[in-house]
Amino acid sequence: MSAGHKRLAQLMHRGTEFLGCDIAIMGGAMSWVSERHLVSAISNAGGFGVIACGAMTPDLLDSEIAETRKRTKRPFGVNLITMHPDLPELIDTCAQHGVTHVVLAGGLPPTGSIDRIKSGGAKLICFAPALSLAKKLMRSGADALVIEGMEAGGHIGPVATSVLAQEILPHVAHDIPVFVAGGIGRGEAIAAYLEMGAVGVQLGTRFVCATESIAHPNFKKVFIRASARDAIPSVQIDPRLPVIPVRALKNREMENFAAKQREVAALLDAGAIEMGEAQLQIEHYWAGALRRAVIDGDVESGSVMAGQSVGMVTREEPVAEIIKELADEAAAALSSRG
């Protein structure tokens, strides 16, 4: 093992110990993409795969966890969306399978959900988009945090990864394991965040074109051709309907989404639906649009969610090679700094 790889292992030690893996690289939870094949491949390659539950029913999640278990003996996690109407049942499904880590995304955890996760024996990982929320989540019982910047694909916040890392890491990294996500495409960036106090990273976009990813060939093709500037955030049409922006490659679907927002806003105005239902309709819309692109290969009227690191995705390659390349780059960067 080179001096750079030894230093990488030292900086990642808290992260690998927390996750139970060899290298503290978590797979981002991407609906339709982060399923049994990709998740097990990431874990088998020494990283930490995470199932994207998304809009799954408890029965579907039950099946997905069981199928992932058939493909890997290594630990993996499950990402749950806080606004899912069946969240308690989904948490119970994870507990029944002995899932070791649950990742909660999409806002502050609802009352009782943290206790339910912890009583099921899982470690809880939460997303912290600001220092104040990071501290609140720590007080509430989160075991680890992910700080994800706006460069990421899918649902995004308003602040860049580099700014969030500077804002949050110096204040909480000594108290709780923190993973950094959003815009990470090379090992040099991983090394920099580790030196700032992170214990590991989370990557989504780099894994989309993995050989083991079930994403449609059309989906992978547009990823490989895209540059960073092609991955743009969606625009909020109506201020009365708070919609979390989504970063995806620009296509006809980004225009269709504006029409969908107007439709849902009109239902809201007419009193036909409540705000919670309006937001749920938007979520289901994205799930369907993403499926059209990922599974059916319709990359024009489907949503091609991608982070700005998409420009660093240049070919299809096995997960193990992606992880090795990232580790080698990080180790070389650390070694060059003595």
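Further up the page is the structure itself.
Residues numbered from 1 in each chain as written. Predicted model: local features only at pLDDT ≥ 70, side-chain atom pairs only at ≥ 80, totals over all residues. Heavy atoms only, no water.

**Digging into helix H12 (residues 275-294)**
Taking 1.5 Å per residue, 20 residues should reach 28 Å; H12 reaches 29 Å between its end C-alpha atoms and fits that length. When H12 is considered as a whole, its buried residues turn out to be Ala278, Leu280, Gln281, Ile282, Glu283, Tyr285, Trp286, Ala287, Ala289, Leu290, Ala293 and Val294. In the core, the buried residues of H12 are packed alongside strand S7 (154-155), helix H10 (217-225), strand S11 (246-249) and helix H11 (252-269). (Helix = DSSP H or I, 4+ residues; strand = E, 2+ residues; numbered from the N terminus. Expected span 1.5 Å × (residues − 1). Buried < 20%, exposed > 50% of the residue type's maximum accessible area, 1.4 Å probe, protein only. Contact = heavy atoms within 4.5 Å.)

**With respect to helix H4 (residues 87-96)**
Restricting attention to buried positions, one finds in H4 the residues Leu87, Leu90, Ile91, Thr93 and Cys94. The buried residues of H4 all sit within an arc of 155° when viewed along its axis, so they share a single face. (Arc of directions from axis to C-beta.)

**Quick look at the environment of Ser303**
Mapping Ser303 onto the fold places it in the loop between H12 and helix H13 (319-336). In sequence terms Ser303 and Pro110 are 193 residues apart; their C-alpha atoms lie 28 Å from each other. Residues within four places of Ser303 in sequence aside, it is in contact with Phe219, Ala248, Glu253, Trp286, Ala289, Leu290 and Ala293.

**Quick notes on the packing of aromatic side chains**
Tallying each qualifying case throughout the model produces 5 aromatic pairs. Pairing Phe18 with Phe179 gives two aromatic rings, centres 6.4 Å apart and planes at 45°, and the pair type is tilted. Taken as a pair, Phe18 in helix H1 (residues 3-19) and Phe179 in strand S8 (residues 178-181) lie far apart in primary sequence, 161 residues in all. Comparing Phe18 with Phe179 shows no difference in burial state: the two are buried. Their ring planes at 25° and their centres at 5.2 Å tell us that Phe219 and Phe223 sit as a pair that is stacked. Residue Phe219 and its partner Phe223 are both found in helix H10; the two are separated by 4 residues, about one turn of the helix. With respect to class, Phe219 is no different from Phe223; both count as buried. Ring pairs connect the aromatic residues Phe257, Tyr285 and Trp286, which therefore count as one cluster. Above the plane of the ring of Trp32 lies Arg291, whose end atom (NZ or CZ) is 5.2 Å from the centre. (Phe/Tyr/Trp six-rings, centres within 6.5 Å; stacked < 30°, edge-to-face > 60°. Lys NZ or Arg CZ within 6 Å of the ring centre and 35° of its normal.)

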